[in-house]
Each structure stands twice: as C-alpha cells, then as structure tokens.
Amino acid sequence: MFRFNKVLLILAVLAITHTYAYASNSENFGKPITLQEITKVSDILASPENYANKKVLVKGMVVEVCAKRGCWMDIASDKAFEKIQIKVLDGVIVFPLSARGKEALVEGKVEALNYTKEEAIELLEHKAEEKGEKFDPSSVTGPLTTYRIKALGATITE
Amino acid sequence: MKWRKWNNIIHRDLGYICVGLTILYAISGIAVNHIHDWNPTYKIVKHKEKIDPILSDGRLITDKEIQNILKTLGNKPEYKKKFQPAPNLIKIYQEGNTIDVELLTGDVIQEKITKRPFFYQVNFLHLNHAKKLWTWFADIYAAALILLAVTGMFVLKGKKGIKGRGAWFVTGGLIIPILFLLIYG
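Every value quoted in this text rests on a predicted model; they were computed, and no experiment measured them.

## Some words on the overall build of chain A
Phase 1: Within chain A one finds 3 helices and 6 strands.
Phase 2: Taken from the N to the C terminus, the helices and strands of chain A come in the order α-β-α-β-β-β-β-α-β.
Phase 3: Counting only residues that meet the buried cut, chain A has 26% of its 158 residues in that class.
Phase 4: In chain A, the proportion of contacts linking residues at least 24 apart, taken out of those at least 6 apart, comes to 68%.

Shown next, in the form of structure tokens:
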C-alpha cells in the first residue's frame, strides 16, 4: 500500500511540473493554426464580402474581451480606428480577460451577420448604450450586414 | 463474496483519491454555472474619473499625451499598449488595468482586473486551461468517477443494496436529468 501511494505521489508531482514547465508567454486556444499567410484586418474590413465564408489568418492586438464568458474578443486592425470581432462558441474557447493589450494570431472563417432594419436598430441602440453614446434610430435606413471572424484556433502572446 | 470485497476496496480507495479534485471541480462548477451574474475567474473593478478634455482633432494621440493622462490619473507611467477605436476615444492598457478616455469630455473609466484567489486556480484546472498532461489526468479522473459510481451501487447487499432501495435511488437519479431534458430540451 505504501508503494502504491508513493507511485501516486510521483505521478501527481510529474503532472504538475509538466504543466508548469511548458508554461510560456504564449497561450493556444482551440485547434492548431494551419494557415501561413496573414490577411490584413484592414483588407477584410475594406471588402468583407470577398472574404465571407473564407478561412483567414489575422493578427492584431486584443483590444477588448467579453467580460463574462470570454466568448468574443476584438482585435485591432493594422489601420487606425478599426477593429474586428473574433467570436467563438460559448465554452468551446474561453478568451481570458488578461488577453487585453496582448498580441493575437487567429485562424477562423469570416462570417456575415444579416440584420433586418428593426434588428439593426436594436443592435446599434444596444451598442450605443454600452458605450454611453446617444443613438438616433432614424440613422438606420435599411437592413444591415456586419462581419466577424468565427475563430477555430488562436495564439495569444504577451 | 470475493468480488464484492474488491468492489468495496476499489470504491473506498478511489473515493479517497478523488475527494480533493471532486470538491475543487464542484466548487468551480457552481462558480461557472452562474457566469451570467459574475466573472468567476477575475474580479473587475471600474472607477469613473474626470480629466481635462484633450483636443485631438481626430488625430492619433501621442506617447507624451498618454504619459500626461497617466500622470494626471496618478498611475504608473509604464503602459503596455494603446488603441484608438475612434478618433475621440483612446484605450490605454496597463498591467491588469484598461483605461478608456473620452478625449472630448475627459471622461475616464479605469477597469482593473485581478485574479480571484482560489477560483482562478480551480477554474484553470476545471476548464482545462492547463491542457497538455492535465487533459489526460482529467480524463483518468473522469473514468475514476464512473468506476466510483458503478462500484458504489454494489457496496451493500440485501434490502439496502441495489436490489432493494438502492434501485429506487438509482432510478430517481436517472429520472431527474431526463425530466429536465423533457422540460427544457
């Protein structure tokens, strides 16, 4: 029995040391990244319809992370005042809040989100409310399509 | 019977081994279950402050201006990154702190995040952020729980065993999730 306990203790120590020995300043999420060529976020945002349903690899600074579930993050574009949302299925990948201000490499599919005029008003109203900004519903004149990246895998580096 | 003796030994010793992780996983499970109400891993504290407006005229804010903002706020001068999501808004990233500055109004929101002691560690393991060898260990633990449940059914014989009231309890335990699946599924 004593020997059995000793083996268990050694296994536990090995598991812990292995986990921490490989801890580095980069963290991987989801599936491994397969693409080599990086697509500029600004190119996707300039003509998103050309990238819809296509797999892309993007790189940028994490500027915001979903505070509750870690189910999305925004990454900065290579051009000023631009960002793109990276979405994951709840629980499949959880982006940590501490990722803000770090560099992310994300592989995923560009997806289009189509909203009716009413849905668009609701969405933009909610976003404005979140930012504490004023929103004029009459500024929405018709249906809206937005684009985001459905992430398959990501690497976040310090 | 000899098989029951071994059944009980396995159940007892496996039970001892699994105590620690079962309690940790259960605590993390409760914490993560209420993710709508709180962030179970990080404590988030927001502070609203006001500084003098910065007339940026839609340009990018310079490092010197960021240093001035940090000095006014009484923060350390070091920052990791900056980002301007819009011409009149800047986000400054410091270690564990994100500062949003509305340049035209001077409204500032500082959002400080700290790891929740204990919960950060148990969620780290429970949600398998460790990955690598921990994945295997967690799989073995899950298999041990199955074995623990199965052997548990055969610990006692007679009226209090699986052929007696044990059967009713096992059936009840199976009916509860099925019922919830029928109601919410």
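## Some thoughts on the interface of chain A and chain B
Phase 1: On the chain B side, the residues contacting the 18 residues of chain A number 23 residues.
Phase 2: The leading source of residues in the side of chain A that touches chain B is helix α1 (residues 2-21) of chain A, at 3 residues.

## Notes on helix α3 (residues 119-126) of chain B
Since the α-helix packs 3.6 residues into each turn, any two residues three or four apart lie on the same face.
Residue and element names in this part refer to chain B.
Phase 1: Taken residue by residue, α3 has Phe119, Val122, Asn123 and His126 as its buried positions. Along the long axis of α3, the arc covered by the buried residues comes to 100 degrees, so they all point the same way.
Phase 2: The inward-facing, buried residues of α3 abut α1 (2-33).
Phase 3: The positive-phi residue at the C-terminal boundary of α3 is asparagine 128, with phi of around 55 degrees.

## Notes on the packing of α1(B) against helix α4 (residues 132-153) of chain B
Residues and elements named next belong to chain B.
Phase 1: Axis separation between α1 and α4 bottoms out at 9 Å; the angle between their running directions is 135 degrees. Classified by the angle their axes make, α1 and α4 are oblique. Our pair here, α1 against α4, has a crossing hand that is left-handed. Contacts from Asn7, Ile10, His11, Leu14, Gly15, Ile17, Cys18 and Leu21 of α1 reach α4 at Tyr141, Ala144, Leu145, Leu147, Leu148, Thr151 and Gly152.

## Examining the nonpolar core
All names here are of chain A.
Phase 1: Formed by 31 residues in total, the largest nonpolar core has its most connected members in Val62, Ile75, Ala99, Val106 and Ala151.
Phase 2: Of all the secondary structure elements, the ones that give two or more residues to this core are α2 (41-46), β2 (55-65), β3 (72-76), β4 (83-87), β5 (103-115) and β6 (144-157).
Phase 3: Non-local contacts of valine 106, meaning those with residues more than four positions away in its chain, are made with Val58, Ile75, Ile86, Ile149, Ala151 and Ala154.

## So, the domain arrangement of chain B
Phase 1: When its domains are assigned, chain B resolves into domain 1 (2-39 + 117-173) and domain 2 (42-115).
Phase 2: Domain 1 of chain B and domain 2 of chain B are separated by 46 Å when their C-alpha centres are compared.

## Regarding the sheet that holds strand β3 (residues 89-94) of chain B
Residue and element names in this part refer to chain B.
Phase 1: With antiparallel pairing, 5 strands are arranged side by side in an open sheet as β1-β5-β4-β3-β2. Two strands close off the open sheet at either side, each with one partner strand: β1 (42-50) and β2 (81-86). Shown here is a sheet whose adjacent strand axes are inclined to one another by a mean of 15 degrees, direction ignored.
Phase 2: Pairing analysis gives 5 bridges linking strand β4 (residues 97-102) to strand β5 (residues 107-115), with the strands arranged antiparallel. Pairing of aspartate 100 across the sheet is with isoleucine 109, part of β5.

## So, the environment of B:Trp134
Phase 1: In this structure, B:Trp134 sits in helix α4.
Phase 2: Sequence spacing of B:Trp134 and B:Gly164 is 30 residues, and the spatial spacing of their C-alpha atoms is 39 Å.

## Quick notes on helix α5 (residues 165-184) of chain B
Phase 1: For α5(B), which comprises 20 residues, the first-to-last C-alpha distance of 29 Å matches the rise-based estimate of 28 Å (1.5 Å per residue) to within 8%.
Phase 2: Within α5(B), only 0 of the 20 residues are buried, which leaves it mostly out in the open.

## Some points on the confidence of the model for chain A
The predicted coordinates ought not to be read in detail in places where the model reports low pLDDT.
Phase 1: On average, residues of chain A score 86 in pLDDT, and 82% of them reach the 70 mark or higher.
Phase 2: Note that residues 17-23 of chain A has pLDDT below 50 and, in this model, 7 contacts with residues that lie over four places away or in other chains.

## A few points about the environment of B:Lys48
Phase 1: Tracing the backbone through its elements, the reader meets B:Lys48 in strand β1.
Phase 2: Placed 59 residues apart in sequence, B:Lys48 and B:Asp107 show a C-alpha to C-alpha distance of 7.4 Å.

## Topic: the confidence of the model for chain B
Phase 1: For chain B, the average pLDDT comes to 93, and 99% of its residues sit at 70 or higher.
Phase 2: Complex prediction metrics read pTM 0.76 and ipTM 0.74.

## Quick look at the environment of A:Glu158
All names here are of chain A.
Phase 1: Inspection of the secondary structure assignment puts glutamate 158 in the segment after β6.
Phase 2: Put simply, glutamate 158 and alanine 104 are 54 residues apart on the chain and 9.0 Å apart in space, counted from C-alpha to C-alpha.
Phase 3: Contacts of glutamate 158, omitting those with residues within four sequence positions, involve Asn25 and Lys102.

## Quick notes on unusual backbone geometry
Phase 1: Unlike most non-glycine residues, A:Phe81 shows phi in positive territory, near 65 degrees.
Phase 2: The residue A:Phe81 is located in the loop between β3 and β4 in this model.
Phase 3: If you check the backbone angles, B:Phe118 has positive phi at about 75 degrees while not being a glycine.
Phase 4: Within the fold, B:Phe118 resides in the loop between β5 and α3.
Phase 5: Overall, B:Phe118 belongs to the exposed group, with 12 C-beta atoms counted inside 10 Å.

Criteria and thresholds
Residues numbered from 1 in each chain as written. Chains lettered and ligands numbered in written order. Predicted model: local features only at pLDDT ≥ 70, side-chain atom pairs only at ≥ 80, totals over all residues. Helix = DSSP H or I, 4+ residues; strand = E, 2+ residues; numbered from the N terminus. Buried ≥ 20, exposed ≤ 12 C-beta atoms within 10 Å, placed from the backbone. Contact = placed C-beta atoms within 7 Å. Arc of directions from axis to C-beta. Axes fitted to C-alpha atoms, helices over the stretch in contact; angles between N-to-C directions. Parallel < 35°, antiparallel > 145°, perpendicular 65-115°, else oblique. Left-handed = near helix turned anticlockwise from the far one by under 90°. Core = buried A, V, L, I, M, F, W, Y, C linked by C-beta atoms within 7 Å. Domains from an automatic or database assignment. Pairing = 2+ DSSP bridges. Expected span 1.5 Å × (residues − 1). pLDDT = per-residue confidence, 0-100.

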